[in-house]
Amino acid sequence: MILADLAVQFLGSSILLQVEATLIRITTEVHGVATHHEDDLVIATAELAQANYLVTGDRKLRELGPFRRITFLSPREFLDLLQIATHAGGTS
């Protein structure tokens, strides 16, 4: 029964992702910002998507500080930011 519930949740999440996701073609490159090349690709994608925040559990990325317009936050920091924005009546 629990496995079936997980399958339904996964399917629902998958459909939501397909409907709401925006595909970004990487047309710019970021080199040497992060300690891993793969992280530079994530940062380049966030930059192209004009993201204000990149939510990550990677402590090393968060320690970089802001990169251009992107602020690196932990999931907890992002939830806190959303809560502050909700209580202030605005969005960030």
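Scroll up a little and you will see the structure.
Computed from a predicted model, the values in this text were never measured in an experiment.

**Focus: the overall build of the protein chain**
So, step 1. For the protein chain, the helix and strand inventory stands at four helices and two strands.
So, step 2. Taken from N to C terminus, the helices and strands of the protein chain fall in the order α-α-β-α-β-α.
So, step 3. Looking at the protein chain as a whole, 18% of its 92 residues are labelled buried.
So, step 4. Accessible surface computed for the protein chain: about 7200 Å², of which carbon and sulfur atoms make up 59%.

**Some thoughts on the environment of Arg-69**
So, step 1. Checked against the element boundaries, Arg-69 lands in the loop between α3 (59-62) and β2 (71-73).
So, step 2. The contacts of Arg-69, once residues within four sequence positions are left out, are Gln-50, Ala-51 and Asn-52.
So, step 3. A polar atom in the side chain of Arg-69 sits 2.7 Å from the side chain of Asn-52.

**A word on the nonpolar core**
So, step 1. By size, the foremost hydrophobic cluster in this structure holds eleven residues: Val-30, Ala-34, Ile-43, Ala-44, Ala-46, Ala-51, Leu-54, Leu-61, Phe-67, Ile-70 and Phe-72.
So, step 2. Ranked by residue count, the leading element in this core is helix α2 (residues 37-48), at three residues.

**Observations concerning unusual backbone geometry**
What is expected of a backbone is that most residues other than glycine have negative phi and most peptide bonds are trans.
So, step 1. Phi is positive for Gln-50, which is not a glycine, with a value near 55°.
So, step 2. Relative to the elements of secondary structure, Gln-50 occurs in the loop between α2 and β1 (53-55).
So, step 3. At Arg-68, a residue that is not glycine, the phi angle is positive and equals roughly 55°.
So, step 4. Its place among the elements puts Arg-68 in the loop between α3 and β2.

**Here's the deal with helix α4 (residues 75-88)**
So, step 1. Taking 1.5 Å of rise per residue, the 14 residues of α4 would be expected to cover 20 Å, and the 20 Å separating its terminal C-alpha atoms lies within 8% of that figure.
So, step 2. Following α4 by one or two positions, Gly-89 has its phi on the positive side, about 85°.

Calculation criteria
Position numbers for residues start from 1 in each chain and track the written sequence from start to end. In view of the model being predicted, local features appear only for residues whose pLDDT reaches at least 70, and side-chain atom pairs are presented and counted only at 80 or more, with totals across whole chains, interfaces and linings using the full set of residues. Side-chain measures here rest on the full set of heavy atoms in the structure, leaving out hydrogens and waters. Helix and strand definitions here come from DSSP, where helices need a minimum of 4 consecutive H or I residues and strands a minimum of 2 consecutive E residues; each element is numbered from the N-terminal end. Relative accessible area decides the class of each residue, using a 1.4 Å probe on protein chains only: under 20% of the type maximum gives buried, over 50% gives exposed, and in between gives partly exposed. The Shrake-Rupley method, run with a 1.4 Å probe, gives the accessible areas here. Residue values count only the displayed protein chains as cover. Residue contacts follow a heavy-atom distance rule, with two residues in contact if any of their heavy atoms lie within 4.5 Å. Polar contact is the term for a pair of N or O atoms within 3.5 Å; when the atoms are in protein, one must be able to donate a hydrogen and the other to accept it, and sequence-neighboring residues count only if both atoms are side-chain atoms. Take the buried residues of types Ala, Val, Leu, Ile, Met, Phe, Trp, Tyr and Cys, join any two whose side-chain atoms come within 4.5 Å, and each joined set is a nonpolar core. The span expected for a helix works out to 1.5 Å for each residue beyond the first.

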